[in-house]
Amino acid sequence: MSSSLNHKSVKQLVYKMSAEFELCPGRKIGGSNPCFIIAEIGQNHQGDLEIAKKMIRMAKDCGADCAKFQKSEIEHRFTKLALERLYTSPHAWGPTYGAHKHHLEFSHQQYRELQQFANEVGIFFTASGMDEMAVEFLHEINVPFFKVASADTNNIPYLEKTAQKGRPMVISSGMQSMETMRCVYQTIKQHNPNFTFLQCTSAYPLPIEHVNLSLIPEFQKEFPDIPIGYSGHEAGIHVSVAAVALGAKVLERHVTLDKSWKGSDHAASLEPAELAELVKAIRTVEMAMGSPVKQMLPCEASCHSKLGKSVVARKPLKKGETLTLDMLTVKVAEPHGMRPENIFKLVGKKITVDLEGDATITDAMIKG
């Protein structure tokens, strides 16, 4: 790299060349790679293994790259009093919060069964490790990457232990400040180069005015050497598509089979038709992003042939005349001649042929 490049130029160049890495076997993120789409099943399976399998297949059928769950070792995640407190929410699956969480938690063997099912279906499988022991289990079953939920993003001991395991990490940023995210970046970077931050606001469902998509380019400027993504909890798909247009390289959305089911996440989740439409829209937008090089494209040739303008003689011109601007004008002409942006370059040049008014002026007619 040239020594004449200053620090700002180098940072801008790194920003444009956003780092890429292999998030899952054979699947890179960042750079020019397609957005990696995570279907967050979470605990929307109602504690039913067969529903969980249906949701994995649904995620695959809709075009998502990964089906993701939430794994807790409940006694390690919650205090005894937290588990014993009464839980009277309409979404409760038991009289206490502990009973509620136990109903929704799959066993280790069930997780292995779900992982095997995802392998058979042909979709990547992982989970958020909601505590350190859950991360140990997910590491044991060889998930391709760890997802860090927003609630653990400022849990520095957890982050250090997770990063040291060497698997790629996808880290949500809900409930955090940029100062905290800088600390998270420095903590993980010491142990693991392969991680990404997701812009996220932890509200379910998320009011549109609090989405803050403007933070995606801010994250890109603040952390130019890692890919940036988006974890959305808003209704509909439009905001998530916009996030990809802004450069999100990973997109996470909660999914459900039925928004009317019991559970607080369902209202902020996408049903199958919405997920399929989201994936289709994202792939369309990615194709539409195209090239940053502005030039006339082959597909424009027909329009240019019909409507493209050229420099023509405003009045009859005699061979040897010195051209002035009032001798020239711009029209749709046949044949095509000099491009309109070059009209001022003709002033002071001599014409080498006699021309009638309205005749096209070409390069070959100009001396010098």
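The structure under discussion appears in the preceding block.
Everything numeric here is computed off the predicted structure, so don't read it as measured data.

A. Seen up close, the pattern of salt bridges. Taken as a whole and assessed by the stated rule, the structure comprises 21 salt bridges. Measuring nitrogen to oxygen at the nearest pair gives 3.9 Å for the salt bridge that ties Glu50 to Lys53. With a gap of 3 residues between them, Glu50 and Lys53 both fall in helix H2 (residues 49-61), about one helical turn apart. Given the relative accessible area of 15%, Lys53 is considered buried. One salt bridge in this structure joins Lys68 and Glu252, with 3.7 Å as the shortest N-O distance. Residue Lys68 is located in strand S4 (residues 66-71), and its partner Glu252 is located in strand S10 (residues 250-254); the two are separated by 184 residues in the primary sequence. Given the relative accessible area of 0%, Lys68 is considered buried. On the basis of relative accessible area, Glu252 is assigned to the buried category, the value being 2%. In this structure, a network of salt bridges that share partners links the residues Arg27, Asp65, Arg283 and Glu286.

B. Fine view of the environment of Leu346. Here Leu346 shows up in helix H14 (residues 343-346). Judged by relative accessible area, which is 2%, Leu346 ranks as buried. Separated by 226 residues in sequence, Leu346 and Glu120 place their C-alpha atoms 69 Å apart. Setting aside residues up to four positions removed in sequence, Leu346 forms contacts with Val311, Leu323, Leu328, Met338, Ile361 and Ile366.

C. Up close: the packing of aromatic side chains. In total, this model carries 15 aromatic pairs according to the counting rule given. Between Phe197 and Phe223, the ring centres sit 5.1 Å apart and the planes meet at 90°, which makes this aromatic pair edge-to-face. Of this pair, Phe197 sits in strand S8 (residues 195-200) while Phe223 sits in the loop between helix H10 (215-222) and strand S9 (228-232); the two residues are 26 residues apart in sequence, bridging distant segments of the chain. Considered together, Phe197 and Phe223 belong to a single accessibility category, that of buried residues.

D. Inspection of the packing of H2 against helix H6 (residues 108-121) at higher detail. Look at H2 against H6: their axes get within 10 Å of each other, and the N-to-C directions meet at 30°. By the angle class used here, H2 and H6 are roughly parallel. Here H2 and H6 pass one another in a crossing that is right-handed. On the side of H2, the interface is formed by Leu49, Ala52, Lys53, Ile56, Arg57 and Lys60, while H6 contributes Gln110, Glu113, Leu114, Phe117, Ala118 and Val121. Among the residues making up the contact of H2 with H6, the classes are represented as 7 nonpolar, 1 polar and 4 charged.

E. Main features of the environment of Ala19. Its place among the elements puts Ala19 in the loop between helix H1 (7-16) and strand S1 (21-24). Sequence separation between Ala19 and Thr201 is 182 residues; the distance between their C-alpha atoms is 24 Å. Excluding residues within four positions of it along the chain, Ala19 makes contact with Ile29, Gly30, Gly31, Pro224, Asp225, Ile226 and Pro227.

F. Up close: the side chain of Ser150. Looking at where Ser150 falls in the secondary structure, it is placed in the loop between strand S6 (146-148) and helix H8 (156-163). Non-local contacts of Ser150, meaning those with residues more than four positions away in its chain, are made with Ser172, Ser173, Gly174, Met175, Gln176, Cys200 and Ser202.

G. Local environment of a nonpolar patch on the surface. A cluster of nonpolar side chains, namely Leu325, Phe344 and Val347, defines an oily patch on the protein surface of about 290 Å² accessible area. In this fold, Leu325 is placed in the loop between strand S11 (309-313) and strand S12 (328-332).

H. Quick look at helix H12 (residues 272-289). For H12, with 18 residues, the first-to-last C-alpha span of 26 Å sits near the 26 Å given by 1.5 Å per residue. The set of residues buried in H12 consists of Leu275, Leu278, Val279, Ala281, Ile282 and Val285. Projected down its long axis, H12 carries its buried residues within an arc of 165°, all on one side. More than 90 degrees from the buried face of H12, the exposed residues found are Ala273, Lys280, Met287 and Ala288. Of the surrounding elements, those touching the buried residues of H12 are strand S3 (36-42), H2, helix H11 (238-245) and S10.

I. Region of interest: H11. If you check which residues of H11 are buried, you get Val239, Ser240, Val241, Ala243 and Val244. On its buried face, H11 is in contact with H10, S9, S10 and H12. Directly after H11, the chain includes Gly247, whose backbone phi takes a positive value near 115°.

Cut-offs used in this document
Residues numbered from 1 in each chain as written. Predicted model: local features only at pLDDT ≥ 70, side-chain atom pairs only at ≥ 80, totals over all residues. Heavy atoms only, no water. Salt bridge = Lys/Arg side-chain N within 4 Å of Asp/Glu carboxyl O. Helix = DSSP H or I, 4+ residues; strand = E, 2+ residues; numbered from the N terminus. Buried < 20%, exposed > 50% of the residue type's maximum accessible area, 1.4 Å probe, protein only. Contact = heavy atoms within 4.5 Å. Phe/Tyr/Trp six-rings, centres within 6.5 Å; stacked < 30°, edge-to-face > 60°. Axes fitted to C-alpha atoms, helices over the stretch in contact; angles between N-to-C directions. Parallel < 35°, antiparallel > 145°, perpendicular 65-115°, else oblique. Left-handed = near helix turned anticlockwise from the far one by under 90°. Nonpolar A, V, L, I, M, F, W, Y, C, P; charged D, E, K, R; others polar. Patch = residues over 30% accessible without salt bridge, like charges linked within 9 Å, V, L, I, M, F, W, Y side chains within 5 Å. Areas by Shrake-Rupley, 256 points an atom, 1.4 Å probe, with all protein chains shown as cover. Expected span 1.5 Å × (residues − 1). Arc of directions from axis to C-beta.

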